[in-house]
Amino acid sequence: MHITGVLSSLQITRRALTASLPGIALAGRAALGQGTSQLLNVSYDPTREFYRAYNAEFARQWRTRTNQNVQIRTSHGGSGRQARSVIDGLQADVVTLALAYDIDAIAERGLIAPDWQKRLPDNSAPYTSTIVFLVRKGNPKAIRDWGDLIRDGVGVITPNPKTSGGARWNHLAAWAWARRQPGGDDASAEAFLSRLYRNVPVLDTGARGSTTTFAQREQGDVLLAWENEAHLAFEEFGRDKFEIIYPSISVLAEPSVAVVDRIVDRRGTRALAEAYLQGLYTPEAQALAAKHFYRPRDAQARASAGDRFPTLELVTVDAEFGGWGEAQRRHFDDGGSFDRVYRPAR
Amino acid sequence: MNTDRRENLLARRSAILAAILVGVLFLLLPLLAVFVEALRRGLPPALEAIADPDAIASIRLTLLVAAIAVPVNTIGGVAAAWCITKFDFPGRGAMLAFIELPFSVSPVISGLVWVLLFGAQGWFGPWLQERDIQIIFALPGLVLATVFVTFPFVARTLVPLMQEQGRSAEEAAATLGASGWQTFLRVTLPDIRWALLSGVLLCNARAMGEFGAVSVVSGHIRGETNTMPLHVEILYNEYQFVGAFAVAALLALLALVTLGAKAVLERYSGMLGAML
Amino acid sequence: MMAAASTVFIAPPVEREKPTGAARGRWFGLRRGPLPGFGLTFGLTLLWLGLIVLLPLAALALRPWTLGIEGVFRSLSEPRVLAALRLSFVSALLAAALNVPLGLLLAWVLVRERFPGRRLLDAAVDLPFALPTAVAGLALTALYAPNGWLGAPLAALGWQVAYTPWGIGIAMMFVGLPFIVRSVEPVLRDFPRDAEEVAATLGATAAQTMWRVVLPALRPALLAGFTMAFARAVGEYGSIIFIAGNRPMVSEIAPLLIVIRLEQFDYAGASAVGLAMLVLAFAILLALNLLQRRAG
């Protein structure tokens, strides 16, 4: 048994746990039952609740279909950190990250085939999301659109785009809005972002950290957040505390998914991993996504979600920024627009 | 003279008051905050958070990591202390400086170095991958990062004491024909055992609480490679504040028990030492 | 024994060379004095030191140069990197310096005075050490955030602590304080009171006695404590990121920059910052050690 084996023998299912509570469980795979396969899904922060629901659903489907038990293990964290872990050898069967760029980074090291985005429908992004504003109840600062964010005395909470995938979408959405203003161009967009960041008092490393800073620590007047995070904050911190504001324009965020070829081929889990990702496109999974405030691709799930997802103008990274590689290079790499515009408040 | 004494008393009183103020506001309040947050909704939700399978897995993993890291550093620390204090050789000072080095290394770097060595892109990465050996994002990586961070404690505790005690007792024993082991077990160990235990306990407290270094090498797989401090972070990120602070409180309690044991040792070490 | 036991945590400055004639052997000769075990312990120590400390640090020291010498300097001379390094080192030095009077006060009161709650205070001094750094970070943020127990009154006074460099300072002081207290305590305990009494009978005021008699005697221990507190604070990560605000150029510490670069898959850049931190810290520690020797 190699070392991963030793570690995974420490892995405890609910069942094995109650059976072996007193001892140090070196229960091993036997405790998991015969014919149980494992899958590791390495994902980013805001998907925890959705994947917890989907994993249960998928395990149920898989059992009826193949009569086999499957245990989905998950790891959540900032999208960039998660991609880095996979590159450094974390044995992920599938990655479900915040943006295509992070999966591209893994593909660049040869762990995933370069054409991964074409292997699944809709750019390998089974659900989408967008960036919205979360403001305090009654919207005391009267924030309606991106332009209001740079007013004096408005505190904006957003994470650091260097470490947070969500923050990169925020940055690009603001950029797209500024460029579409009368007389707008790259220079005016950069000036707009530099004024926006001047209003940012706390720059957390991840989307979840920013939500906590805004909701729990009561910092700032507006949180730039994933649509699903904004709804979740509603539920977690109380509906009477916040309001969601949809700006006039935002970005179509496409969190992408991929099978990590090198790892599934070595572990022999390709069929399972592919089924797991394809399952995300089934009506059941799409309905689950909508339930967790991800915009489903499936038209029917979209229709039954009713007015849960207001329509607004959404720009895509491909059309507006020439794809993620280009967007990353121009905006977020060292010396990019984020580094240049960042003139923090003194 | 009289006013002098009164002033003196006043100064002493205000010093005591100031010290208590610092102690309460600066040191005790954070601990109190942890417990208050943990018990915000009463005891049952806090206990529930600790009884969660993922939490139990993280407790187990934390204890396991400490159970490996602490003995490694104890053996190494005792050997180093013996070597440095009982012999003269060039480079002794440098050796001591290197032993203390991990103290001044950022925990983040303490994690990063193992990624540079054993990560898939690291020095030994390809070799390990060919042989299907997983070091980082698994137990060995967590242990290595922890060993690095807690490296100096035992040696740092023993060296000054053993230096003070000199070598004459051991030399006498050796001259009388005792073997090295006998000399160590019968002559040296009784003199250093309390300090050794203290060092081990401190090493243990730090090993259980380390965050930055293990965060870099963990991989954050739920119920598998999350130690308690990492589990706290995860719960916090899931907006389960009560749960996060409950696990944090348990972790603090574990550390406090360790420190309590150390304090008791220090109080009674003289007495017990005389008795035994 | 009590004194010996509480040196446990922070030892007084170690005298590095103290050869006693009896054990002085010839260097390349086989005899190293009458004591056995040199080979075994020396070998074990080298193995332990080599595998756990030297090999990993060698990897750190070699990694940045894949950028080329010029690349390393370019990557380190970015304004953000310089600002982060300056912030980490200046805050750590300041926090350690502010901890000196606080630590001295605590140590003095613990050694010299008897009062209810002394034992609790004594135990509380070790708290920052026992409290895991991430937990400390969460607790400090909860306390010092503008809506926290301490943050709210401070904010009313117009002083924001959390999410500013002050927050970094508070976290650094928190993790560093025990080092000063524990290094001063044993020396203070051994310090003869006669000296103070003599000074007093000679007509010195309490302040003069403190300044002229007690402080000079404590200087090496204070310096040792300062050194340790600084070393601990400069690399601190877990307790700081929650409270710092993390704004580039303002409240972004160097260890965070390492993490950021790592997450951008920039291993060489991350190692470059790490190496710079290590070299700087080592240089400062070396200078402080030299000072310590002079003081002692």
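What you see is a predicted model, and the numbers here were worked out from it, not measured in a lab.

(A) Fine view of the confidence of the model for chain A. When pLDDT is averaged along chain A, the result is 87; 88% of the residues meet or exceed 70. Note on residues 1–33 of chain A: pLDDT under 50 across the span, and 47 contacts to partners over four residues away in sequence or across chains.

(B) Up close: the interface of chain C and chain B. Every contact between the two is made by 97 residues of chain C and, on the other side, 101 residues of chain B. For the pair chain C and chain B, the two sides together bury roughly 9000 Å², of which 80% comes from carbon and sulfur. One can count one salt bridge joining chain C with chain B. On the surface where chain C and chain B come into contact, there are four residue pairs in polar contact (both at pLDDT 80 or more).

(C) Expanded view of the interface of chain A and chain C. With 31 residues of chain A at the contact, the number on the chain C side is 25 residues. For the pair chain A and chain C, the summed buried surface comes to about 2300 Å²; carbon and sulfur atoms form 51% of the total. Inspection of the region where chain A meets chain C yields one salt bridge. Here Arg80 of chain C makes a salt bridge to Asp339 of chain A, at a shortest N to O gap of 3.1 Å. In this assembly, chain A and chain C are joined by six residue pairs in polar contact (both at pLDDT 80 or more).

(D) Spatial organisation of a nonpolar patch on the surface. Together, Trp123 and Phe124 of chain B together with Leu62, Trp65, Ile69 and Phe73 of chain C make up an exposed nonpolar region whose accessible area comes to about 650 Å². With respect to the helices, strands and loops of the structure, Phe124 of chain B is situated in the loop between α5 (107–118) and α6 (125–130).

(E) Structural detail: the sheet that holds strand β10 (residues 257–259) of chain A. Residue and element names in this part refer to chain A. Read from one edge of the open sheet, four strands run β2-β1-β3-β10, paired in mixed fashion. The open sheet is flanked by β2 (69–77) and β10, the only strands paired with a single partner. The mean inter-strand angle of the sheet, taken between neighbouring strand axes irrespective of direction, is 20 degrees. Pairing of strand β1 (residues 36–44) with strand β3 (residues 94–96), which is carried by three bridges, proceeds in the parallel orientation. Bridge assignment links Val42 to a residue of β3, and that residue is Val95. On top of the sheet, helix α3 (residues 48–66) reaches β1, β2, β3 and β10; it is set at about 165 degrees to β2, its chief contact.

(F) Examining the sheet that holds strand β7 (residues 222–226) of chain A more closely. Residues and elements named next belong to chain A. An order of β6-β7-β5-β8 is seen for the four strands of this open sheet, with the pairing classed as mixed. Looking at strand neighbours, the two that pair on one side only are β6 (156–157) and β8 (242–245), the edges of this open sheet. Note: β6 against β7, two bridges, orientation parallel. Looking at β7, one finds that Val156 is bridged to Val222. Along the sheet, helix α9 (residues 207–215) makes contact with β5 (131–136), β6, β7 and β8, crossing β7 at roughly 150 degrees.

Criteria and thresholds
- Residues numbered from 1 in each chain as written.
- Chains lettered and ligands numbered in written order.
- Predicted model: local features only at pLDDT ≥ 70, side-chain atom pairs only at ≥ 80, totals over all residues.
- Heavy atoms only, no water.
- pLDDT = per-residue confidence, 0-100.
- Contact = heavy atoms within 4.5 Å.
- Buried area = accessible area lost by both parts, 1.4 Å probe.
- Salt bridge = Lys/Arg side-chain N within 4 Å of Asp/Glu carboxyl O.
- Polar contact = N/O pair within 3.5 Å; in protein donor to acceptor, adjacent residues only side chain to side chain.
- Patch = residues over 30% accessible without salt bridge, like charges linked within 9 Å, V, L, I, M, F, W, Y side chains within 5 Å.
- Areas by Shrake-Rupley, 256 points an atom, 1.4 Å probe, with all protein chains shown as cover.
- Helix = DSSP H or I, 4+ residues; strand = E, 2+ residues; numbered from the N terminus.
- Pairing = 2+ DSSP bridges.
- Axes fitted to C-alpha atoms, helices over the stretch in contact; angles between N-to-C directions.

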